[in-house]
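Residues per chain are reported as follows:
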Amino acid sequence: MERDEFRRFGHELIDWIADYFDRIDDLPVLAAIEPGDLKAQLPAAPPERGEPMERIVSDLDRLIVPALTHWTHPSFFAYFATSTSGPGILGELLTAAFDNKAMLWRTSPASTELEEVTLDWLRQMMGLDTGLIGIIYDTASVSSLHAIAAARERVEQRIREDGMSGRPDLPLLRIYVSEQAHSSIEKAVITLGLGQRALRKIPTDREFRLDARALAAAIEEDKAAGHLPFCVVATVGTTSTSSIDPVPEILPLCEQHALWLHVDAAYAGSAAIVPEFRSILAGCERADSLVTNPHKWLFTPFDLSVLYCRHMDLLKRAFSLVPEYLKTPEQEKVRSGSDYGIQLGRRFRALKLWMVIRYFGHEGLAARIREHCRLADLFASWVEEAADWGLMAPHPLALVCFRACPAGFAETDLDALNEAIMHGVNASGRALLSHTKLNGKLTLRLSIGNIRTTEAHVRAVWSLLNEQLEKAR
Ligand SMILES: Cc1ncc(COP(=O)(O)O)c(C=O)c1O
């Protein structure tokens, strides 16, 4: 691509993105297409000759936008509603331009050093102690996998060298999570060859928080059975309800039994930058590791997950392997990202986070998160006051779990009713909700986390929900 053409389309595409955000309110949040619709419009074979950029760009509106579920729509309230931001998008653009592979310090000093400094800023903003050192991975699933691998390294069973299969000398390694923990922990256990049998799910209390007494009993029982407990994963902000496990009660158990405490704060970690929410990380000052996702609630485009770890030496011991062609004169003095994970090449992700933090400042980021929590409180107050609706769980942050429970409906019909309401809202294209099951009951989730969501959007989805309830009556 010649310089002038690059300039022209670069400017055009930035204008296109700005216009996209101007008109996003009018687009259907959920892609209004059927499976296979997009594929049917695309040629099955690649173009033999290059095509003009005009034609490629015109296909954005014709083909791509209609097939998008608009995560950046201010009425996207599903899953954990997340959004990118202007400085984050510009950061991504630069990352693509530099195209650094940050595997060694010398292959990208900027990425290596910016990552260390930016993650230290984030650590300070979250009120975490200096013993926790940050490293960036793509997702929380991968961050947690690396934390559990480091925890496994600490048991000194020569697993790195000898593996786990065919080893009668190896006891069953146990890792504990609550029944509400994210599926990524189970996937990590599968991937690391520990096997699903290694994962013990501990019951939760009425507010969906891990029951620390049940955890204590489970550890004792496993030890008596000759198993080897090695790790507990506590969740600060569970996926279904954003419940917060009692880390201050879990921590002493981990210390008593020498278990690695990993905290999954993928969603809620960002809220700790708001001084009045900092207490959600109580107890984490002695955790061995903690994951938080700026791509969830810190206005940073996907993907960017941060693992804070107190034992970088163990993480390195689990993963470092340096062939001749990667040796450098400065390797003893600097950090090489590839020593701390599965990947060799690593994207220059720190750049976008650095730009986001600088652009908004700690205060600006905290103000937005605080506002999301206020909007969630407001929505929850409407649910609480309405005779036809009920809250299904506490809402410590910006996620509200609720369902319709109007008089005249049998309890057994409420799941179908709520499902119909959710599908009605989603099919309207004016908002997007998702669901979970709590105590066997289908529950609607309204998650607020988009940088453009205002009170008007939250009022609109409440009206929409009530319209759908009237229709379903
Ligand atoms: C508590 C929790 N942990 C982990 C994850 C996985 O996040 P990622 O998509 O970054 O792997 C999620 C996703 O929603 C989550 O809610």
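Residues numbered from 1 in each chain as written. Predicted model: local features only at pLDDT ≥ 70, side-chain atom pairs only at ≥ 80, totals over all residues. Heavy atoms only, no water.

K.L.:
Would you explain the sheet that holds strand E8 (residues 389-391) in this entry?
P.N.:
Two modes of strand pairing occur in sheets, parallel and antiparallel, and in both the strands are linked by backbone hydrogen bonds. Strand order in this open sheet of four strands is E8-E9-E11-E10, and the pairing throughout is antiparallel. Strands at the two margins of the open sheet, each flanked by one partner only, are E8 and strand E10 (434-438). The sheet shows a mean angle of 40° between the axes of neighbouring strands, taken without regard to direction. Judged from the three bridges that link them, E8 and strand E9 (residues 399-404) form a sheet pairing that is antiparallel. Across the sheet, residue Gly-390 finds its bridge partner in E9, namely Arg-403. Along the sheet, helix H15 (residues 455-472) contacts E8, E9 and strand E11 (441-447); its crossing angle with E8, the most-contacted strand, is approximately 125°. (Pairing = 2+ DSSP bridges. Helix = DSSP H or I, 4+ residues; strand = E, 2+ residues; numbered from the N terminus. Axes fitted to C-alpha atoms, helices over the stretch in contact; angles between N-to-C directions. Contact = heavy atoms within 4.5 Å.)

K.L.:
Is there a simple way to think about a nonpolar patch on the surface in this case?
P.N.:
There is a patch of nonpolar side chains on the surface, built from Ile-14, Leu-90 and Leu-93 and spanning about 260 Å² of accessible area. Here Leu-90 shows up in helix H4 (residues 86-98). Exposure remark for Leu-90: the relative accessible area of 41% places this residue in the partly exposed category. (Patch = residues over 30% accessible without salt bridge, like charges linked within 9 Å, V, L, I, M, F, W, Y side chains within 5 Å. Areas by Shrake-Rupley, 256 points an atom, 1.4 Å probe, with all protein chains shown as cover. Salt bridge = Lys/Arg side-chain N within 4 Å of Asp/Glu carboxyl O. Buried < 20%, exposed > 50% of the residue type's maximum accessible area, 1.4 Å probe, protein only.)

K.L.:
Any chance you could explain the packing of aromatic side chains here in plain terms?
P.N.:
Tallied over the full model, the rule gives 16 aromatic pairs. Ring centres of Trp-389 and Trp-462 lie 5.5 Å apart, and the angle between their planes is 55°; this geometry places the pair in the tilted category. With Trp-389 in strand E8 and Trp-462 in helix H15, this pair connects stretches of sequence that are 73 residues apart. On the accessibility criterion, Trp-389 (4% relative accessible area) is buried. Joined through ring pairs, the aromatic side chains of Phe-379, Trp-382, Trp-389, Phe-402 and Trp-462 make up one cluster. The ring of Tyr-340 has Arg-335 lying over it, and the distance from NZ or CZ to the ring centre is 5.9 Å. The cationic tip of Arg-445 hangs over the ring face of Phe-80; the distance from NZ or CZ to the ring centre is 5.3 Å. (Phe/Tyr/Trp six-rings, centres within 6.5 Å; stacked < 30°, edge-to-face > 60°. Lys NZ or Arg CZ within 6 Å of the ring centre and 35° of its normal.)

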